[in-house]
Amino acid sequence: MDNFDPTSHPVDEKQKEHDSSAHPEAPAVTPEAAAEIREFAESQRQGDSEEFREPLDPQEYEQAQRDHEEQEQHSGGILVSPTAEIPVDLKPSEEIIMEHDALEVTDLNQADEAMRQVAQRPRTDDSRRHTQRPHRDNDRRNTVGRHPSGQNRPRQFNPDEQRGRPVSSQGKETKREILVNSSPEETRVAVLQNNDLIELLIERTESEKIVGNIYKGRVENVLPGISSAFVNVGLEKNAYLYVSDVLPVGQHQPSSQIEKMIARNDIVMLQVAKEAIGTKGVKVTMDISLPGRFLVYMPLAEHLGVSKNIEDRKERDRLRTIVESCAPEKGGVIIRTEAEGAEEQALRREMQYLTRLWESIQKRFESSAIPSLVHRDLGLVFQTVRDVFTENTSIFLVDSRTEHRDLMDFLDSISPELKTRVKLYEGKTPLFQAFNIESEIEKIRSARVELPSGGYIIIQEAEGLCAIDVNTGKFTGKRSQEETVTVTNVEAAKEVARQLRLRNIGGIIVIDFIDMRHARNRQKVMEALAHYVKDDRAKIKILPITRLGLIEMTRERKRESLFALLGELCPQCHASGRVLSRESMYIKLKREILTLTHGRPGDTIKLFLSPQVSAYFQERHQRLENVIKHKLIVSPDAHLPWEEYRILIE
C-alpha cells in the first residue's frame, strides 16, 4: 500500500494571469512627427539584414515625445516603441480583436499590447543603439504577431499557450489531480486542473445516485397527447419515458407515435438517463448502454461509432478493425476517447466483460419481480476511475484505507498501469482542507464570482434556466471601452465554463455579456467560450452571440445542480431570495392594526417582532401610536423569523 506524505507533494501556487491594466498607457505623437518616424523606421527596416536589425534609439523616441507633447494626443496618433518594427495606428478601427491579453494583427497594424509592454521596460545606459545584435531579431519577429512564414497573420486562439502553461498537442492542459474524501455519510471527489477546482462530485448515503441503473418496470400510462409514458419502476414517482427513448415492445413496430410502440401494462427494461430534479420524476430510456473504460456497449443498437476526439485516421481505422472482430453479432459499440492507443488485448477483454455483463442482466430481468432494480451502476469513486482517471492524471489521492484497497483491486482488472498513481493520504490535516477545497465549496453558494481583472459575474439558477450576467466591476482598462469590455468578456467566458462544470448547471443557459461594438470581438468571445468548454464531459451546444451580447447555450443535465444538492429552499424567503423590507413590514402591520381596532381608540396593543424588524418599529414608535390611537408596546422575540409577528390587544 502506497502512503502519501503531503509535505513531499506541495501544491503549486496558481499561476497569476496577466493583467493588462498593470501596463501604463504609452504616449502618442502627432501625425507630422509620425510621418518622420515612419520614414526613419522604414529605412531602418530596409537597411538591416535578416540577422542584424537596429531598433529606434530610446533617446530619439523620447525626444519625439517631448517635441510634440503639447500637440494633439488622440486622432491619427502613432505609438512607437524603441524596438518596434512597424508603427502602430491607434485610430479606432474594426480590426481590434482581443485575444484575452493580446491583440490579433492584420496588415500593418501591430499588437498594441505588445508595444506597450516594450515601451514600459526599464531603460539603462546600455539600451543605446548597438552595431551588432545577434539572436534577438528572430524572437522579436514572433512576439509582435509575425507569422513564422514572414506574413502578418493572426495566430490561433490559445490562451493557455499565451500564459506559458504546459499544453499537449491538442492544446489541453496536462496537469490533473483527483482527490477523494470518504466518510460514512458521503463521498466527495474533487478534480483539479492546474490547481484549479474544475469538478466536484458528491454522493450521499441517503440520496444515492441512480443514473445508469437498470430497472424492470410496468407501463402505467401512455399519453399520446404529450408523446410520453409513465412507468412504475419502484421509485417514489413513476418514471418518465419520452417517445424518442422508446423501443417497440412485443408485436409493436417502430413508429413516431408512442401508442403504436408500447401499451399499458407492458413489462419493459429501462435505464435511468436523468435523476429526479425538482418536482419532476426520473427520466428513463429503453435504449440500454453499458459503459466501460474504452468502449460503450449498446446491446439494442446496431451501429459502430468512434469518438470524434480521436482525430488520427489510422488510429480510428485500427480501433474500428479490432472492435469489429470481437464485437457480438447483435448490438452496437461506441469507441471512447480513452481507447486511443489502447492495446488490442485490453479492448478485447473489455468487450468480453461487457458482453457477459449484458447476459447476466438479461437473466436477472427474467427472474426478478415487478418492479425491481436489475442492475446497479458503479459507485462514484469507480465511475471517476472509469471516466476521468487517465494518463493525464498525475495523482489520485484517497483518504480512506477501505476505498484505497477497493480501488487498487478495481484497477487490477481495468488499468493496472495506473496503480502507481493512486496514493493513500495519511496527513493530519483533512484532505480537502490541505488542498483548499473546502473554501472553494463555500464559494459555490455565492451568486457572485470575481474575475482576475476586477470584473465579476452573477449566476442565478432557476428551475427552467440559468441566467449569468457579466459586469466590469472595478476594471476600467487603460485605452478604450471596447478593450475593457472585450477583456472582461473573455475572462468571463473562461470563468463561466469552469463554473458550469463545477456547479453542474445544466439545461438552458443564457449569458449576458457586456455589449461589444465590433462583430469580430463578439466572435472572439464566442471562440473563447467554445475553447474553455471543450473539456467538459457534458454535451454542450452554443448558439451564436446576439447583437445585445447574449449567448444562449444548452448543457446536458443528468443530475440536480451542486447548489441544489448542498442547500434547500429558504423557509423565510420561500426561495425568492428576498424578504419584506422593514418599511414594508411597518406599513403592513399598521394597516392590520387599524383593521383590527376599526380605527377607534382603545387599550394597549403589544407587538412581538424579530429583533431586526423590532428596532425599526422602535424608532417610529411615537408616530405609529399617533396613527393607531392606542398605547403600543413593541417587544423583540428572537424566536420569530423576519416576516412573522404576533399582535396582542389587551
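Now for a description of the structure that goes with this document. (Residues numbered from 1 in each chain as written. Predicted model: local features only at pLDDT ≥ 70, side-chain atom pairs only at ≥ 80, totals over all residues. Heavy atoms only, no water.)

1. Details of the packing of helix α6 (residues 313-326) against helix α7 (residues 344-367)
Move 1: Where α6 meets α7, the closest approach of the two axes is 10 Å, and the angle between their N-to-C directions is 40°. On the basis of the axis angle, α6 is oblique to α7. For the pair α6 and α7, the crossing hand works out as right-handed. Two secondary-structure elements touch here, α6 through Leu319, Ile322, Ser325 and Cys326 and α7 through Glu344, Leu347, Arg348 and Met351.
Move 2: Taken together, the residues that form the contact of α6 with α7 break down as 5 nonpolar, 1 polar and 2 charged. (Axes fitted to C-alpha atoms, helices over the stretch in contact; angles between N-to-C directions. Helix = DSSP H or I, 4+ residues; strand = E, 2+ residues; numbered from the N terminus. Parallel < 35°, antiparallel > 145°, perpendicular 65-115°, else oblique. Left-handed = near helix turned anticlockwise from the far one by under 90°. Contact = heavy atoms within 4.5 Å. Nonpolar A, V, L, I, M, F, W, Y, C, P; charged D, E, K, R; others polar.)

2. Some thoughts on the pattern of salt bridges
Move 1: Per the counting criterion, the structure on display carries 22 salt bridges.
Move 2: The salt bridge involving Arg537 is made with Glu199; its shortest N-O contact spans 2.6 Å. With Arg537 in the loop between α13 (519-533) and β25 (540-542) and Glu199 in strand β8 (residues 196-204), the pair connects residues that are 338 residues apart, well separated along the chain.
Move 3: In this structure, the salt-bridge partner of Asp637 is Arg646, at a minimum N-O distance of 3.2 Å.
Move 4: The network of salt bridges with shared partners includes Glu186, Arg188, Arg204 and Glu438. (Salt bridge = Lys/Arg side-chain N within 4 Å of Asp/Glu carboxyl O.)

3. Focus: the environment of Arg501
Move 1: Considering the arrangement of structural elements, one finds Arg501 in helix α12 (residues 481-503).
Move 2: The class for Arg501 is buried, based on a relative accessible area of 9%.
Move 3: Sequence-wise, Arg501 and Arg537 are 36 residues apart; in three dimensions their C-alpha atoms are separated by 8.5 Å.
Move 4: Residues within four places of Arg501 in sequence aside, it is in contact with Ile198, Glu199, Asp535, Asp536, Arg537 and Arg555. (Buried < 20%, exposed > 50% of the residue type's maximum accessible area, 1.4 Å probe, protein only.)

4. What about the sheet that holds strand β28 (residues 632-636)?
Move 1: The strand order across the open sheet built from 3 strands is β28-β27-β29, with neighbouring strands paired in mixed fashion. Where the open sheet ends on each side, the last strands, each with one partner, are β28 and β29 (646-649). Averaged over all pairs of adjacent strands, the angle between their axes in this sheet comes to 15°, without regard to strand direction.
Move 2: The pairing of strand β27 (residues 605-609) with β29 spans 4 bridges and is antiparallel. Counted as the bridge partner of Leu607 is Ile647 from β29.
Move 3: Each of β27 and β29 is contacted by helix α15 (residues 582-597), which is oriented at about 30° to β29, the strand it contacts most. (Pairing = 2+ DSSP bridges.)

5. Things to note about the packing of aromatic side chains
Move 1: In this structure the tally under the stated criterion is 5 aromatic pairs.
Move 2: When the ring of Phe382 is compared with that of Phe410, the centres are 4.6 Å apart and the planes differ by 20°; the resulting orientation is stacked. Residue Phe382 is located in helix α8 (residues 380-387), and its partner Phe410 is located in helix α9 (residues 401-414); the two are separated by 28 residues in the primary sequence.
Move 3: Since its relative accessible area comes to 22%, Phe382 is described here as partly exposed.
Move 4: Relative to Phe396, the ring of Phe389 lies with its centre 5.0 Å away and its plane at 55°, an arrangement referred to as tilted.
Move 5: The exposure class of Phe389 is buried, given its relative accessible area of 1%.
Move 6: These aromatic residues form a ring-pair network of at least three members: Tyr586, Tyr616 and Phe617. (Phe/Tyr/Trp six-rings, centres within 6.5 Å; stacked < 30°, edge-to-face > 60°.)

6. Looking at the environment of Asn213
Move 1: Looking at the element boundaries, Asn213 is found in the loop between β8 and β9 (214-223).
Move 2: Overall, Asn213 belongs to the buried group, its relative accessible area being 1%.
Move 3: If sequence neighbours within four positions are ignored, Asn213 has contacts with Leu270, Gln271, Val272, Leu373, His375, Arg376 and Asp377.
Move 4: Side-chain polar atoms of Asn213 contact the backbone nitrogen of Asp377, separated by 2.9 Å. (Polar contact = N/O pair within 3.5 Å; in protein donor to acceptor, adjacent residues only side chain to side chain.)

7. As for unusual backbone geometry
Move 1: The omega angle of the peptide bond from Ile370 to Pro371 is -5°, so this bond is cis rather than trans.
Move 2: Here Pro371 shows up in the loop between α7 and β18 (372-375).
Move 3: Backbone geometry at Asn194 places phi at a positive 50°, although glycine is not the residue there.
Move 4: Relative accessible area serves as the criterion here: at 16%, Asn194 is assigned to the buried category.
Move 5: The phi angle at Asn195 is positive, at roughly 70°, despite the residue not being glycine.
Move 6: Mapping Asn195 onto the fold places it in the loop between β7 (186-193) and β8.
Move 7: Overall, the relative accessible area of 10% leaves Asn195 in the buried class.

8. Considerations on the pairing of strand β17 (residues 332-335)
Move 1: Sheet topology note: the strand β15 (residues 295-298)/β17 ladder contains 4 bridges and is antiparallel. Its bridge partner being in β17, Val296 is matched across the sheet by Ile334.
Move 2: The sheet contact formed by strand β16 (residues 304-306) and β17 spans 3 bridges and is parallel. By the bridge assignment for β17, Gly305 is matched with Ile334.
Move 3: As for the winding sense of the linkage, the β-α-β connection from β16 through α6 to β17 is left-handed. (Right-handed = clockwise from strand over helix to strand, strands pointing away.)

9. What to know about the sheet that holds β16
Move 1: Across the sheet, 4 strands lie side by side as β14-β15-β17-β16; this open sheet has mixed pairing. With one partner strand each, in any of the chains shown, β14 (290-291) and β16 form the two edges of the open sheet.
Move 2: Each of β14, β15 and β17 is contacted by α7, which is oriented at about 30° to β15, the strand it contacts most.

10. Here's the deal with the environment of Met269
Move 1: Positionally, Met269 belongs in strand β12 (residues 267-274).
Move 2: In contact with Met269, not counting residues within four places along its chain, are Ile214, Tyr215, Thr285, Met286, Ile288, Trp358, Ile361 and Phe365.

11. A look at the nonpolar core
Move 1: In terms of nonpolar packing, the biggest core is built from 29 residues, with Ile457, Ile468, Ile509, Ile511 and Phe513 touching the most fellow members.
Move 2: Those elements that provide at least two residues to this core are β22 (456-461), β23 (465-471), α12, β24 (507-512), α13 and β26 (550-555).
Move 3: Sorting elements by how many residues they give to this core places α12 first, with 7 residues.
Move 4: Not counting the four nearest positions on each side in its chain, Ile468 is found in contact with Ile457, Ile458, Ile459, Val496, Leu500, Ile509, Val510, Ile511 and Asp512.
Move 5: Ranked by size, the runner-up nonpolar core spans 26 residues in total, among them Cys326, Leu347, Trp358 and Val374. (Core = buried A, V, L, I, M, F, W, Y, C linked by side-chain atoms within 4.5 Å.)

12. Here we look at a negative patch on the surface
Move 1: Taken together, Glu311, Asp312, Asp317 and Glu340 make up a surface patch of like negative charges.
Move 2: Counting through the fold element by element, Glu340 comes out in the loop between β17 and α7. (Patch = residues over 30% accessible without salt bridge, like charges linked within 9 Å, V, L, I, M, F, W, Y side chains within 5 Å. Areas by Shrake-Rupley, 256 points an atom, 1.4 Å probe, with all protein chains shown as cover. Lys, Arg positive; Asp, Glu negative; His and termini not counted. Charge placed at Lys NZ, Arg CZ, Asp CG, Glu CD.)

13. Some thoughts on the packing of α8 against α9
Move 1: The N-to-C vectors of α8 and α9 enclose an angle of 35°; their axes lie 11 Å apart at closest approach. Seen along the crossing, α8 lies across α9 with a hand that is right-handed. Seen from α8, the contacting residues are Val381, Phe382 and Val385; seen from α9, they are Glu403, Asp406, Leu407, Phe410, Leu411 and Ile414.
Move 2: A class-by-class count of the residues in the contact of α8 with α9 yields 7 nonpolar, no polar and 2 charged.

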